[in-house]
Amino acid sequence: MTFARTKIQPPRPRGRVLLSRPRVDGPLRDALATQRLVLVSAPAGYGKSALMAQQLQDWPSGVALAWVSVDADDDLPRLLECLVAALEPYDLPWRSAPEALVAGAGDANGRARFTAELLNALEATDVSHGVIVIDDLHRTRDEDVHRFLESLVDRLGPRWTVAILTRHDPPLALARWRAAGELAEFSQDALRWTRDELAAWLAAAGAAPERLDALLARTEGWAAGVQLALRVGRGGASIGSERAFNDFLTEEVIDTLDAELRDFLLQACVLPELTAVRAAAVTGRADAARLLERVEALGLFVTPLEAPEPTLRLHDLFRAALEQRLRLERPDALPQLLRRAAAGETDPVRCITLLLRSGDAAAAAQVLLAATPAWITAGALPTARAMLALFDAASRERLAAWHLSQCLLGWAQGDFATMDASARAAEALGRSAGDTEVADMGLGYRAIALNFLSRRGLRELGVEHLQARAPAPHVVSGVALAWAHIDEGRFDEARQCYAATLQHLERSTEPHLWYQGNLGTVGVHIPGMGPLIERWIDGALRVSGEQPLTLKAMALMTRGWHRLLVNGDIAGARDALEATQQELRWLAEPTGVNALASVLQLQIAAASGDAAATREAMQQLLHGPSTGQGHRARWIIANFIAGCAAAVGDAEALREQLAVLEYTPVDSALPGLHAIVIDIARGHVAWLRGDDEAAISAWQRAVADETGLIRTRLDAPTRLFLAAACARAGRLREAAAPLVGWHARARLGAAGSALFARPVAALLAAQAWRGQLDEADRGELERWLHRLATVAVPSQPTPPTQPTPPDAGTTAGGSVGVLSSRELEVLERVAAGDSNKLIARALVVSPHTVKRHVANILDKLALASRGRAAAWYRANV
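Rules used throughout
- Residues numbered from 1 in each chain as written.
- Predicted model: local features only at pLDDT ≥ 70, side-chain atom pairs only at ≥ 80, totals over all residues.
- Heavy atoms only, no water.
- Helix = DSSP H or I, 4+ residues; strand = E, 2+ residues; numbered from the N terminus.
- Buried < 20%, exposed > 50% of the residue type's maximum accessible area, 1.4 Å probe, protein only.
- Contact = heavy atoms within 4.5 Å.
- Expected span 1.5 Å × (residues − 1).
- Salt bridge = Lys/Arg side-chain N within 4 Å of Asp/Glu carboxyl O.
- Phe/Tyr/Trp six-rings, centres within 6.5 Å; stacked < 30°, edge-to-face > 60°.
- Lys NZ or Arg CZ within 6 Å of the ring centre and 35° of its normal.
- Core = buried A, V, L, I, M, F, W, Y, C linked by side-chain atoms within 4.5 Å.
- Polar contact = N/O pair within 3.5 Å; in protein donor to acceptor, adjacent residues only side chain to side chain.
- Axes fitted to C-alpha atoms, helices over the stretch in contact; angles between N-to-C directions.
- Parallel < 35°, antiparallel > 145°, perpendicular 65-115°, else oblique.
- Left-handed = near helix turned anticlockwise from the far one by under 90°.
- Nonpolar A, V, L, I, M, F, W, Y, C, P; charged D, E, K, R; others polar.
- Pairing = 2+ DSSP bridges.
- pLDDT = per-residue confidence, 0-100.

A. Looking closely at the overall build of the chain. Summing up its helical and strand segments, the chain has 47 helices and seven strands in all. Taken along the three principal axes of its C-alpha coordinates, the chain extends 120 × 70 × 50 Å. Out of the 877 residues in the chain, the part that is buried amounts to 56%. Of the contacts formed within the chain by residues at least 6 apart in sequence, a portion of 70% connects residues at least 24 apart.

Written as structure tokens, this is what we have:
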């Protein structure tokens, strides 16, 4: 959790708010039970939060309450993270990891998916009614927040209500909901205290009834003004406005407090919420707990929160008045107090804001740098962007930590020009400060950026000689250098470089660094790289643990590529793909990894020789999630499809993709591979139309570029097809030439892609290779040809289980046998009424793991809710 827990803790009603106001209470209670949206819109001090908390405090059991308080810097990812946490006690039956859904909600498609899955989960939750309260919505400026809320309210089921508390009407479809009778509004006029209500308040407070008319005229029924006037206990000027209230509050309350309590509040007012521990840290008072008890007992302008420890929240107007007085009396004290408040703040957004207010941009940038990897891992890129934007131009220019954070964001967004500029700035600042760690980190990020930009000057950076002690600079620069070695055909250097990189990476347990340390599918097929790739896979899975991270899906997917292209193990690749697809569904199908999994599925189908499955996978890849935008992404997809089309003899698809490869500009292909992939594809087109000479000519050009051919992943099949073309043309001696060294290739794990040459296996097996190849090469070749001729594989991997939409009419179609033993254990405890937390404690697993088991159970049994699953268990087990 990256936010302050107090953001999802509702106020605890006390004092005047316990007074009955039938004029407001009845309609509000009815609205909360029946309407889609309840809007309480009034200026500060009208008691919006207290009124709502009073209504909800004594609702019957079975009614859910999720309360989210909005801060000034909150964007949609933070709001959604808070909302998911606020709903956690009710064990929503999520079908995808809510953390992953939040991570993907940064664009319109992701926002739509989060909203749809939230609505389904709310509808399937076992509660009689639920209320989601969004308090202080006026504080956010993020338009995506309003878009999400409008979509949520539009489609909300009848058992849930959204209540918005705000100082002004939000930009939502209020007119439409009002016309449809789905909106209940409580405005400033509705919240004013009437004469009769004030009379009851006076009586409850023990005040003289003759003060009623003067109090009403002076406050105009404004709750904050009434509370203040009653506290002061004497007449005076009107306090019916915020400005008048602030002046009066300062003079008649703050300045009349005893010195001890006044001094305490002036210092503690910098805290978002007051607890004994945090107030003591800021004020230096060991007796902070006693003073907080006095603050609450005196009925000052604070709201108790429902928190594990006594917690008070100052009213905004009271806080503003205290801070104004502090600035006047002790302007030099405020920065130090803000820094003390930041020191105890676990919410990085609040911490950064406090430090920037204190003038300590350097410390704020360090917090930013520490928080950015977690934000990026969680998909909270808007939060990272917003925090970077808080720093002024002068601070950005001089703070290396700001630039390093910008590098991380640039990398995540694919903005490598910005990444390069910030990396250069960070490196220069580190050098001038004598900070090797910072300078080397900047250098590492420069290397990554150059890899994606032009690679010119990469070798001159000197990243092989970093002096940093931390692993991160070595990891990012090592990956960049390994990529460069591969592109240049320096495979031995690439292996050595990546082996050294893994040594640094294995010193870290940070998921984001393991993601950065992934050589990717670029290195899977490089001869001799297999053991290193396996080390990365094992480490990434270990670091991921039970967390809902795309890192785990990437590791499983990489394992599938490795098993197929290195080991030639179709069954093992299929198992890895199935595990990847299950992980991706739980992770809400992140686009990048999902696209790579689609490529793997295509390759498995083609390697199996299944033409129908290959064509289906081609269409899925062409029309499904993209691996990226622009010519290069399209070129990469065309290269994969062309190779797989050739493997199953699909001439039409092959010609279509060859046209794409030929159309792509040279600088949009991977460096050095534009011509060779065209030659390979042209050779296959010629082979399929029976033109052996044209095929031989094209493939011989490809084979002549040995390192380029290896980089294409098509080294082994191209050599086999070339040998077959020569053999079919009656040129057996020439046919043997591309197969020389086959034994060595197999030993280095470079022969697995021979599976894509299945169409020529029989032709090659019929040739007399004795005397044409040495015994080692001939023996290895014959083993592979026999394997290609005899391996029988199901046409397609089993598709991942798809979630069943919540439906009151859903009937269970599963049986006990479809559940694992662990899922049966979880289901038994669900049937016993245990919450996710209790189940996790009993089974010694994380609540996240329990959540995923519940999702699997509901999917396998085709059920919509935990309640239906419990009923199924009682009926069938």
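B. Spotlight on helix H46 (residues 847-861). If you check H46, its first and last C-alpha atoms are 21 Å apart, about what 15 residues at 1.5 Å a residue would give, namely 21 Å. Most of H46 is tucked away, with 12 of its 15 residues classed as buried. Regarding H46, the residues found buried are His848, Thr849, Val850, Lys851, Arg852, His853, Val854, Ala855, Ile857, Leu858, Asp859 and Leu861. At its buried positions, H46 is contacted by helix H4 (98-103), helix H31 (570-586), helix H44 (821-831), helix H45 (836-843) and helix H47 (866-876). At the C-terminal side of H46, Ala862 shows a positive phi close to 55°.

C. View of helix H32 (residues 591-607). Relative to the 24 Å expected for 17 residues at 1.5 Å per residue, H32 spans 24 Å between its end C-alpha atoms, a close match to the ideal helical length. Taken across its 17 residues, H32 has 15 buried, putting it largely inside the fold.

D. Quick peek at unusual backbone geometry. Residues other than glycine seldom take positive phi values, yet Ala588 does so here, at roughly 65°. You can see Ala588 is positioned in the loop between H31 and H32. Positive phi, close to 55°, is recorded for Val844, a residue that is not glycine. By the element assignment, Val844 lies in the loop between H45 and H46. Its relative accessible area of 72% is what places Val844 among the exposed residues.

E. Focus on the pattern of salt bridges. Per the stated rule, a full pass over the model turns up 72 salt bridges. Where Arg852 meets Glu583, a salt bridge forms, and the shortest distance between an N and an O atom there is 2.8 Å. With a gap of 269 residues between them, Arg852 in helix H46 and Glu583 in helix H31 connect regions that are remote in the sequence. With a relative accessible area of 18%, Arg852 lands in the buried category. Notably, a salt bridge pairs Asp692 with Arg728, separated by 2.6 Å at the nearest N-O pair. Here the residue Asp692 occupies a position in helix H37 (residues 692-704), and Arg728 occupies one in helix H39 (residues 715-728), the gap between them amounting to 36 residues. On the accessibility criterion, Asp692 (12% relative accessible area) is buried. Residue class for Arg728 comes out partly exposed when judged on its relative accessible area of 39%. Where salt bridges share partners, they join Lys7, Asp71, Asp74, Arg78, Glu273, Arg313, Asp347 and Arg350 into one cluster.

F. How the structure looks around the packing of aromatic side chains. Inspection of the entire model under this criterion finds 12 aromatic pairs. Taken together, a centroid distance of 5.7 Å and an interplanar angle of 45° make the contact between Trp699 and Phe721 tilted. Linking Trp699 in helix H37 with Phe721 in helix H39, this pair joins segments that are 22 residues apart in sequence. Taken individually, Trp699 and Phe721 each receive the classification buried, so the pair is uniform in this respect. Aromatic rings pair up to connect Trp94, Phe114 and Phe148 into one cluster. Cation over ring: Arg21 sits above Trp193, and NZ or CZ is 4.0 Å from the ring centre.

G. Here's a closer look at the nonpolar core. Within the largest apolar cluster, 183 residues are counted, with the highest numbers of intra-cluster contacts made by Leu118, Phe148, Tyr445, Tyr498, Trp536 and Leu564. If sequence neighbours within four positions are ignored, Tyr498 has contacts with Val479, Ala482, Gly517, Asn518, Leu519, Met529, Leu532, Ile533 and Trp536. Core analysis: the next-biggest nonpolar cluster, separate from the first, contains 83 residues, Leu28, Ala44, Trp67 and Leu317 among them.

H. Layout of the environment of Glu427. Position of Glu427 among the secondary structure elements: in helix H23 (residues 416-433). Since its relative accessible area comes to 12%, Glu427 is described here as buried. Counting along the chain gives 351 residues from Glu427 to Arg778, while the straight-line C-alpha distance between them is 54 Å. Among the polar contacts made by the side chain of Glu427, one reaches the side chain of Arg446 at a distance of 2.9 Å.

I. Broad picture of the packing of helix H29 (residues 530-544) against helix H30 (residues 550-565). Closest axis-to-axis distance for the H29/H30 pair is 9 Å, and the angle between their directions is 155°. Between H29 and H30, the angle is such that the two are roughly antiparallel. Along this stretch, H29 crosses H30, giving a crossing that reads as left-handed. Note on element contacts: H30 touches H29 through Leu551, Lys552, Met554, Ala555, Leu556, Thr558, Arg559 and His562, opposite Gly530, Ile533, Glu534, Trp536, Ile537, Asp538, Ala540, Leu541, Val543 and Ser544. Of the residues assigned to the contact of H29 with H30, the class counts are 10 nonpolar, four polar and four charged.

J. The environment of Leu215, seen in detail. Its location among the elements puts Leu215 in helix H10 (residues 212-219). Sequence spacing of Leu215 and Leu198 is 17 residues, and the spatial spacing of their C-alpha atoms is 8.5 Å. Setting aside chain neighbours within four positions, we find Leu215 in contact with Leu198, Leu202, Glu220, Val226, Ala229 and Leu230.

K. Geometry of the sheet that holds strand S4 (residues 160-166). Taken in spatial order, the five strands make up an open sheet running S2-S3-S4-S1-S5, and their pairing is parallel. Each of the sheet's edge strands pairs with one partner strand only, and the pair in question is strand S2 (63-69) and strand S5 (183-186). Each strand of the sheet is rotated relative to its neighbour by a mean of 15°, with strand direction disregarded. Note that strand S3 (residues 129-135) and S4 share six bridges and pair parallel. If you follow Ile134 over to S4, its bridge partner there is Ile164. Where helix H1 (residues 22-34) meets the sheet, it contacts strand S1 (37-41), S3, S4 and S5, and its direction lies at approximately 150° from that of S5. Where helix H3 (residues 76-87) meets the sheet, it contacts S2, S3 and S4, and its direction lies at approximately 150° from that of S2.

L. Region of interest: the environment of Asp255. Along the chain, Asp255 turns up in the loop between helix H12 (242-252) and helix H13 (259-268). On the basis of relative accessible area, Asp255 is assigned to the partly exposed category, the value being 34%. The spatial distance from the C-alpha of Asp255 to the C-alpha of Arg325 is 9.3 Å, given a sequence separation of 70 residues.

M. Highlighting the side chain of Glu273. With respect to the helices, strands and loops of the structure, Glu273 is situated in the loop between H13 and helix H14 (276-283). Within the structure, the side chain of Glu273 is placed 2.8 Å from the side chain of Arg350, a separation counted as a polar contact. In this structure, Glu273 is in contact with Thr6, Leu305, Thr311, Leu312, Arg313 and Arg350, ignoring residues within four places of it in sequence.

N. Representation of the confidence of the model for the chain in the model. The share of residues in the chain with pLDDT of 70 or more is 94%, and the mean pLDDT across the chain is 89. This stretch, residues 795-812, has a pLDDT under 50; its non-local contacts, to residues over four places away or in other chains, come to 41 contacts.

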